[in-house]
Structures are given as C-alpha cells and as structure tokens.
Amino acid sequence: MEDAIKTVVMTYIKSSKGKENLDSSSFKKLVSKQLGGIMEDADSSSAIKEMQKGLDENSDGKVNFSEYLNLIGYLANAMSQKQCGSTEAAS
Ligand SMILES: [Ca+2]
C-alpha cells in the first residue's frame, strides 16, 4: 500500500519534472506510458486531450496534483468495479 502511494506521487513528480503542473505533453506521455494497461484510449491523442479537459477543474490547460489524483481515483474506482484490473494491468 505504501509502495503504491509512493509510486503515484513519484510518477507525478517525475512526469512534471518537479513543477507544480503537468503540461499537455507531459500528461500525454504519462498516460500512454504508464496507463496503457488499464485505459483503453491511452494511445489516442484526442482521447487524452478530452480526458485532460475533463480533469482540468481550474481550467488552466494543465493538470495539477489534485487533478491528477482525481484521475487516479477514477481509475481505482473503475478497477474495483471491474474486479479484473490486477490481472490485466500486470503486463
Ligand atoms: Ca488545471
């Protein structure tokens, strides 16, 4: 559990290169590289752009840490509903 939280935090820090926000290209890279196993649209630029828009609560065109956590929460929720995320995401 602690490792999982650390991964979530470190992934954000690495992707944003220590900045406060992920810009569009960093967000796209994060999704396509890290979430391809659990997100069907992880390789579609337009889908990622739409997702970023949906997450962007303060409408600044970037993804901050709290907006990023909403994405994690959404994915965790979807995974718990499917109950099959662990086997499919393992690859
Ligand atoms: Ca934002």
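The rules we used
In this numbering scheme, every chain counts its residues from 1 along its sequence in written order. Note on the predicted model: pLDDT of at least 70 is required for a residue's local features to be given, and 80 or more for side-chain atom pairs to be given and counted; whole-chain, interface and lining totals, by contrast, use all residues. To get the side-chain values, all heavy atoms of the structure are used, and hydrogens and water are removed first. Lines fitted to C-alpha atoms define the axes here, with helix axes fitted over just the stretch in contact, and angles between the N-to-C directions of these axes take values from 0 to 180 degrees. Secondary structure elements are defined from DSSP: runs of H or I of at least 4 residues count as helices, runs of E of at least 2 residues count as strands, and each element is numbered from the N terminus. Here is the rule for angles: anything less than 35 degrees is roughly parallel, anything more than 145 is roughly antiparallel, 65 through 115 is roughly perpendicular, and the remaining ranges are oblique. Each helix crossing is assigned a hand: it is left-handed if the near helix lies turned anticlockwise from the far helix by less than a right angle, otherwise right-handed if that turn is clockwise. Only heavy atoms matter for contacts: two residues are in contact if any of them lie within 4.5 Å across the pair. Gly counts as polar in this scheme, as do all residues outside two lists: the nonpolar Ala, Val, Leu, Ile, Met, Phe, Trp, Tyr, Cys and Pro, and the charged Asp, Glu, Lys and Arg. Listed donor atoms are N, O and S within 2.8 Å of the metal (Na, K and Ca: 3.2 Å). As water is not included, a site may look incomplete. Under the classification used here, a metal with four donors is tetrahedral if each angle lies between 85 and 135 degrees, square planar if opposite donors are over 155 degrees apart and the others between 65 and 115, a six-donor metal meeting that same test is octahedral, and anything else is irregular. Throughout this description, buried means an accessible area under 20% of the type-specific maximum (1.4 Å probe, protein chains only), exposed means over 50%, and partly exposed covers the range between. UniProt positions are given in the numbering used here, feature names are shortened, and annotations may be inferred rather than shown by experiment. N or O atoms closer than or at 3.5 Å make up a polar contact, with two conditions inside protein: a donor-capable atom paired with an acceptor-capable one, and, for residues adjacent in sequence, both atoms drawn from side chains.

Moving on, we get to the packing of helix α2 (residues 24–34) against helix α3 (residues 45–55). Between α2 and α3, the least distance of the axes is 10 Å, while the angle of their chain directions is 115 degrees. Regarding the angle of α2 to α3, the classification is roughly perpendicular. Both α2 and α3 take part in a crossing whose hand is right-handed. Packed against α2, whose contacting residues are Ser24, Phe27, Lys28 and Val31, the element α3 presents Ser45, Ile48, Met51, Gln52 and Leu55 at the interface. Taken together, the residues that form the contact of α2 with α3 break down as five nonpolar, three polar and one charged.

Coordination of the calcium ion by the protein is provided by Asp56 (OD), Asn58 (OD1), Asp60 (OD), Lys62 (O), Glu67 (OE) and Glu67 (OE), with metal-donor distances spanning 2.2 to 2.5 Å. Between the six donor atoms coordinating the calcium ion, the angles at the centre fall across 52 to 161 degrees, so the site counts as irregular. Note on Asp60: relative accessible area 34%, which makes it partly exposed. Taking the relative accessible area as the measure of exposure, Glu67 reaches 1% and is therefore buried.

Sites flagged by UniProt as "domain: EF-hand" (unreviewed entry) map to residues 43–78. Across residues 43–78, helical content stands at 69% and strand content at 6%; the span's end C-alpha atoms are separated by 19 Å.

What follows is about the side chain of Ser15. Secondary-structure assignment places Ser15 in helix α1 (residues 2–16). At 2.7 Å, the side chain of Ser15 and the backbone oxygen of Thr11 are in polar contact. Once you skip the residues sitting within four places of it in the chain, Ser15 turns out to touch Leu22, Ser26 and Leu30.

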